[in-house]
Amino acid sequence: DGGITQSPKYLFRKEGQNVTLSCEQNLNHDAMYWYRQDPGQGLRLIYYSQIVNDFQKGDIAEGYSVSREKKESFPLTVTSAQKNPTAFYLCASSIAGYNEQFFGPGTRLTVL
Amino acid sequence: GQQLNQSPQSMFIQEGEDVSMNCTSSSIFNTWLWYKQDPGEGPVLLIALYKAGELTSNGRLTAQFGITRKDSFLNISASIPSDVGIYFCAGQLYSGGGADGLTFGKGTHLIIQP
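Everything quoted here is computed from the prediction, not taken from an experiment.

Novice: Can you help me understand the packing of aromatic side chains in this one?
Specialist: Each aromatic ring pair is summarised here by two numbers: the centre-to-centre distance and the angle between the ring planes. Counted under the stated rule, the structure contains 11 aromatic pairs over all chains. Summarising the aromatic geometry, the rings of Y47(A) and F55(A) are spaced 5.9 Å apart at their centres and angled 80° between planes, so their arrangement reads as edge-to-face. When its relative accessible area of 35% is taken as the criterion, F55(A) is described as partly exposed. Relative to F104(B), the ring of F88(B) lies with its centre 6.4 Å away and its plane at 80°, an arrangement referred to as edge-to-face. Taken together, the residues span a long stretch of sequence, with F88(B) in strand β9 (residues 85-93) and F104(B) in strand β10 (residues 103-104) at a distance of 16 residues. This pair shows no difference in class: F88(B) is buried, exactly as F104(B) is. Here the aromatic cluster, defined as three or more aromatic residues joined through ring pairs, consists of Y33(A), Y35(A), Y48(A), F103(A), Y35(B), F88(B) and F104(B). Directly above the aromatic system of F74(A) lies the positively charged group of R68(A), at a separation of 5.9 Å from the ring centroid.

Novice: Just to check I follow, could you spell out the pattern of salt bridges for this structure?
Specialist: All names here are of chain B. Overall, the coordinates contain 5 salt bridges over all chains when judged by the stated rule. A salt bridge links D83 to R60, with the nearest nitrogen and oxygen atoms 2.9 Å apart. Taken as a pair, D83 in the loop between β8 (71-76) and β9 and R60 in the loop between β6 (55-58) and β7 (61-65) lie far apart in primary sequence, 23 residues in all. A relative accessible area of 28% places R60 in the partly exposed class.

Novice: So what exactly am I meant to see when it comes to the sheet that holds strand β1 (residues 4-7) of chain A here?
Specialist: Strand-to-strand pairing in sheets goes through backbone hydrogen bonds, with the strands running parallel or antiparallel. Residue and element names in this part refer to chain A. The antiparallel open sheet is built from 4 strands, whose spatial order is β1-β3-β8-β7. The open sheet has two edge strands with one neighbour each: β1 and β7 (64-66). Put simply, the sheet's adjacent strands are angled 20° from each other on average, direction ignored. Pairing between β7 and strand β8 (residues 76-78): 3 bridges, direction antiparallel. Among the inter-strand pairings, V66 is bridged to a residue of β8, identified as L76.

Novice: Could you clarify how one ought to interpret a nonpolar patch on the surface in this entry?
Specialist: Residue and element names in this part refer to chain A. Together, Y10, F12 and L112 make up an exposed nonpolar region whose accessible area comes to about 400 Å². Secondary-structure assignment places F12 in strand β2 (residues 10-13). Judged by relative accessible area, F12 falls into the exposed class, the value being 52%.

Novice: Looking at this structure, I do not really get unusual backbone geometry. What am I missing?
Specialist: Note: most residues except glycine have negative phi, and most peptide bonds are trans. Omega for the peptide link from S7(A) to P8(A) comes to -10°, which places this bond in the cis form. Position of P8(A) relative to the elements: it lies in the loop between β1 and β2. Between S7(B) and the following residue, P8(B), the backbone shows a cis peptide bond with an omega angle of -5°. Within the secondary structure layout, P8(B) lies in the loop between β1 (5-7) and β2 (10-14). Positive phi, normally seen in glycine, also occurs at N28(A), with a value near 65°. Relative to the elements of secondary structure, N28(A) occurs in the loop between β3 (19-25) and β4 (31-37). Backbone geometry places A78(B), a non-glycine residue, at a positive phi of 45°. Looking at A78(B), the relative accessible area reads 37%, which means it is partly exposed.

Novice: I tried to follow the state of the cysteines on my own but got confused; where do I start?
Specialist: Note: disulfide means a covalent bond formed between the sulfur atoms of two cysteine side chains. All names here are of chain A. One pass over the structure, following the stated rule, counts 2 disulfides over all chains. Two residues share a disulfide in this structure: C23 and C91, whose sulfurs sit 1.9 Å from each other. Looking down the S-S bond of the C23 and C91 bridge, the torsion is -75°, so its handedness is left-handed. Taken together, the residues span a long stretch of sequence, with C23 in strand β3 and C91 in strand β9 (residues 87-94) at a distance of 68 residues. Judged by its relative accessible area of 0%, C23 falls in the buried class.

Novice: Looking at this model, I keep getting lost on the sheet that holds β8(B). Mind explaining?
Specialist: Residues and elements named next belong to chain B. Within the open sheet, the 5 strands sit side by side as β1-β3-β8-β7-β6. Their pairing is antiparallel. Looking along the sheet, the strands with just one partner apiece sit at the ends: β1 and β6. Strand-to-strand twist across the sheet, computed as the mean angle between neighbouring axes with direction ignored, equals 15°. Taken together, the 5 bridges between β7 and β8 define a ladder with antiparallel strand orientation. Paired with Q64 across the two strands is F73, which belongs to β8.

Parameters and conventions
- Residues numbered from 1 in each chain as written.
- Chains lettered and ligands numbered in written order.
- Predicted model: local features only at pLDDT ≥ 70, side-chain atom pairs only at ≥ 80, totals over all residues.
- Heavy atoms only, no water.
- Phe/Tyr/Trp six-rings, centres within 6.5 Å; stacked < 30°, edge-to-face > 60°.
- Buried < 20%, exposed > 50% of the residue type's maximum accessible area, 1.4 Å probe, protein only.
- Helix = DSSP H or I, 4+ residues; strand = E, 2+ residues; numbered from the N terminus.
- Lys NZ or Arg CZ within 6 Å of the ring centre and 35° of its normal.
- Salt bridge = Lys/Arg side-chain N within 4 Å of Asp/Glu carboxyl O.
- Pairing = 2+ DSSP bridges.
- Axes fitted to C-alpha atoms, helices over the stretch in contact; angles between N-to-C directions.
- Patch = residues over 30% accessible without salt bridge, like charges linked within 9 Å, V, L, I, M, F, W, Y side chains within 5 Å.
- Areas by Shrake-Rupley, 256 points an atom, 1.4 Å probe, with all protein chains shown as cover.
- Disulfide = S-S within 2.5 Å.

Below you can see the structure in the form of structure tokens.
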């Protein structure tokens, strides 16, 4: 079955540690995105990539980093520089040039 | 970033009632999307709109792309218990470029009383 997978579903980390969230898709989509969702809020764009080896900052990129070495994978690293990292993180993908984005199941990160 | 004003913030309705929610912005959008999110899950795409004035249905759901390109609404007819969830509007700003990230509203929380 085609789709987007994110792992793990729940992640706990100590303050000051970097953590990497996984996102994989087998939809053959060129574009991939990372969003952050806080309680009662909409989704806010962190980073996006329209093609392998290229990515752009979104509205809230500070304290995050990404890589796009493969078409299928777009991992997000939450660094210790992110002041408030506890949130629900959502990965999405789309066909290049199309605005319909399809989302993974999300990873809930809790920093203790 | 740009903001979408989504209303109402929450709705408490009886099963079988019709539902209406909308999104507005001061900016022009070239795409409007409506998503539904269940607790702890990723949003699921319901309807995509690409042309000003476009009216599109998906079962009991109907959405319209406003003529001014600055608003959109979603209607749900004859609500059922599984309609419970958070509905988000999302838009792609008119920039002439490729598919960048979407701008999301803060969501409408739909609660259905049996």
